[in-house]
Amino acid sequence: MATDTFPKPRPDLVVPVELGNRSYQVLIGPGLLGRASELIAARLGSARAAIVPDPHVAARHLAGLETALRSGNRHLGTITLAPGEATKNLVTLGDVCDF
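Presented here is a report on the structure given in the accompanying data block. Treat the numbers as computed from the prediction; the structure is a model and nothing was measured. (Residues numbered from 1 in each chain as written. Predicted model: local features only at pLDDT ≥ 70, side-chain atom pairs only at ≥ 80, totals over all residues. Heavy atoms only, no water.)

1. Thoughts on the pairing of strand β2 (residues 24-28)
Every other side chain in a regular strand lies on the same face of the sheet, so the side chains alternate between the two faces.
So, step 1. By the bridge criterion, five bridges tie strand β1 (residues 13-17) to β2 in an arrangement that is antiparallel. Paired with Val 17 across the bridge in β2 is Tyr 24.
So, step 2. In sequence, β1 turns back onto β2 through a hairpin of six residues, with Gly 20 there showing a positive phi of about 65°. (Pairing = 2+ DSSP bridges. Helix = DSSP H or I, 4+ residues; strand = E, 2+ residues; numbered from the N terminus.)

Written out as structure tokens, the structure reads:
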């Protein structure tokens, strides 16, 4: 079977979000969670990360992201927050910062 009949992996798409000195990039592509440690290293050096999902996102993506971050010694911990706008407040921010 010819190799050109298999779909080629889609390259990552980088979407810039221009906000002046608060600008950042959104990466879109397959397998990015599994590459989280290397992607962080490429952008932030030796930085480590905490994961702050809601239960819905955690159920779908948390295990893979934790595994990827632990493999690169980048996982500081995980704090799961209640979903919704009511969680986005200074008290919750304080809880996350104290974590």
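Still to come is the rest of the account.
2. So, the side chain of Thr 87
So, step 1. Its place among the elements puts Thr 87 in the loop between β4 (75-78) and α3 (90-98).
So, step 2. Residue classification places Thr 87 among the buried positions, given a relative accessible area of 15%.
So, step 3. A polar contact of 2.7 Å, which involves the side chain of Thr 87, links it to the backbone oxygen of Ala 82.
So, step 4. Those residues in contact with Thr 87 that sit more than four places away from it in its chain are Leu 81, Ala 82 and Thr 92. (Buried < 20%, exposed > 50% of the residue type's maximum accessible area, 1.4 Å probe, protein only. Polar contact = N/O pair within 3.5 Å; in protein donor to acceptor, adjacent residues only side chain to side chain. Contact = heavy atoms within 4.5 Å.)

3. Some remarks on the layout of surface pockets
So, step 1. Reported here for the largest pocket is a volume of approximately 420 Å³.
So, step 2. In terms of lining residues, the largest pocket is bounded by 15 residues, among which Leu 27, Ala 36, Leu 39, Ile 40 and Arg 43 are the most central.
So, step 3. A total of five residues in the lining of the largest pocket trace back to one element, the largest contributor, which is helix α1 (residues 36-44).
So, step 4. When the residues that make up the lining of the largest pocket are grouped by side-chain class, the tally is 13 nonpolar, one polar and one charged.
So, step 5. Reported here for the second largest pocket is a volume of approximately 170 Å³.
So, step 6. Surrounding the second largest pocket, Val 52, Pro 53, Asp 54, Leu 81, Ala 82, Pro 83, Gly 84, Thr 87, Lys 88, Thr 92, Leu 93 and Val 96 form its lining. (1 Å grid on protein atoms, 1.4 Å probe; cavity = no way out; pocket = protein on both sides within 12 Å on 5 of 7 lines; lining within 4 Å. Points joined across faces, edges and corners; volume = space filled by probe spheres on them. Nonpolar A, V, L, I, M, F, W, Y, C, P; charged D, E, K, R; others polar.)

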